[in-house]
Amino acid sequence: MTTASTTAVSTPSTGVPRISVVVPVYQGEHTLAALTAEIAPLTRGQTTPKGRAFVVGELILVHDVGPDASHRVIQSLAEQYPFVAPVWLARNFGQHPATLAGMASSSGDWVVTMDEDGQHDPADIGKMLDDAVDNGASLVYAQPTNPPPHGWVRNLCSRLAKSIFGAFLDNHKHAVCFNSYRLVEGEVARSLAAYCGHGVYLDVALSWVVGHTTGTPVRLRQERGRRSGYTFPKLLVHLWRLAMTSGTKLLRFISGIGVLSVLISAAVASYSLYQKLTYQVPVAGWTSLIIVVCFFSGAILFSLGVIAEYLGMALTMAMGKPLYLVVSKPHVKDPPQ
């Protein structure tokens, strides 16, 4: 992984928790100004609902090279607000690598990650900090009390996928809580960003190092005038990466399918032989044979495909493919006016 230092606004140590807000930006041309204006009051010091003081020390906007003019907006906001720290990626790497790039550039006691589209209310940061301190947790997920502003099909598939793959995670029981609105202890976030490998699902990586996780009830808001950048094909790729980085339990599951296939094959062969020798009943013909061959051939090929995916991920890590690359200025082509 390759990183570069980012200039951030620093505040003197006063014992007040300092929070770094990380926002990966892909299509934020029309939403970033409103989000920054909401965060600005928090940089002057606030108290949580339970009376704990905190301050947002920096807003890190990670430019993930989207199709709009987000880079112009980020540059303008950095000139207008001293707490805005831009991070420029060399190309589009995706939401999770962009978030890790922002974490690596942070300096706060706590790191908050949130979306650019206005769904997440910065006013909930205080509640999340209260839950972290009260529960001794180093990771707090926002838990929406209302459905996300997407279609019911996508919301249903999202909940189902999190539930299924929660069973495959090696060290995590909160897969259903996975959310891009998070509060992470600063040193945990920066340490994770330092060694997290290529293609790793961020929340899975957090499950490897975080011992205690809790959640804060929040209410999601409507997106500010733009649709989500995640299409169904991208969501399927997202889901597949979650499966591939969720640990070795999926491989064990595939191995179990292979053992079960062998046992079923042995049982079918034994029964056919018994029928042939005892009752002189002819063994089933080509139809049953073809069905059995196709079934087990498919199971074998599927198993080999999953193993190949794991080997491919191991190869990209061994070759040193970077998760992201930070540059000194945005590498984009301005969209036509």
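Cut-offs and rules
- Residues numbered from 1 in each chain as written.
- Predicted model: local features only at pLDDT ≥ 70, side-chain atom pairs only at ≥ 80, totals over all residues.
- Heavy atoms only, no water.
- Helix = DSSP H or I, 4+ residues; strand = E, 2+ residues; numbered from the N terminus.
- Buried < 20%, exposed > 50% of the residue type's maximum accessible area, 1.4 Å probe, protein only.
- Contact = heavy atoms within 4.5 Å.
- Areas by Shrake-Rupley, 256 points an atom, 1.4 Å probe, with all protein chains shown as cover.
- Polar contact = N/O pair within 3.5 Å; in protein donor to acceptor, adjacent residues only side chain to side chain.
- Phe/Tyr/Trp six-rings, centres within 6.5 Å; stacked < 30°, edge-to-face > 60°.
- Lys NZ or Arg CZ within 6 Å of the ring centre and 35° of its normal.
- Axes fitted to C-alpha atoms, helices over the stretch in contact; angles between N-to-C directions.
- Parallel < 35°, antiparallel > 145°, perpendicular 65-115°, else oblique.
- Left-handed = near helix turned anticlockwise from the far one by under 90°.
- Nonpolar A, V, L, I, M, F, W, Y, C, P; charged D, E, K, R; others polar.

Caption draft 1: Spatial organisation of the overall build of the chain. A tally of regular secondary structure across the chain gives 10 helices and nine strands. Across the 337 residues of the chain, 44% fall into the buried class. Put simply, of all contacts in the chain between residues at least 6 apart along the chain, 85% involve residues at least 24 apart. Of the roughly 17,200 Å² that the chain leaves accessible, carbon and sulfur atoms contribute 63%.

Caption draft 2: Focus on the side chain of His96. For His96, the location among the structural elements is in helix α3 (residues 95-104). A polar side-chain atom of His96 sits 2.9 Å from the main-chain amide nitrogen of Leu202.

Caption draft 3: View of the packing of aromatic side chains. The full count for this structure, using the stated rule, is one aromatic pair. Centroid distance Tyr81 to Phe83: 5.2 Å. Interplanar angle 50°. Geometry classified as tilted. Against the face of Phe93 rests Arg91, its NZ or CZ located 4.1 Å from the ring centre.

Caption draft 4: Fine view of the packing of α3 against helix α6 (residues 186-195). Two numbers describe how α3 lies on α6: the axes approach to 8 Å, and their chain directions differ by 120°. Between α3 and α6, the crossing angle belongs to the class labelled oblique. Crossing handedness for the pair α3 and α6: left-handed. Across from Leu100, Met103 and Ala104 in α3, the residues of α6 making contact are Ala189, Arg190, Leu192 and Ala193. Grouping the amino acids of the contact of α3 with α6 by side-chain chemistry returns six nonpolar, no polar and one charged.

Caption draft 5: Looking closely at unusual backbone geometry. We note that Val65 has phi near 55°; this positive angle belongs to a residue other than glycine. Residue placement: Val65 occurs in the loop between β3 (53-63) and α2 (70-80). Owing to a relative accessible area of 18%, Val65 belongs among the buried residues under this scheme.

Interpretation in functional terms is not warranted from these geometric data alone.
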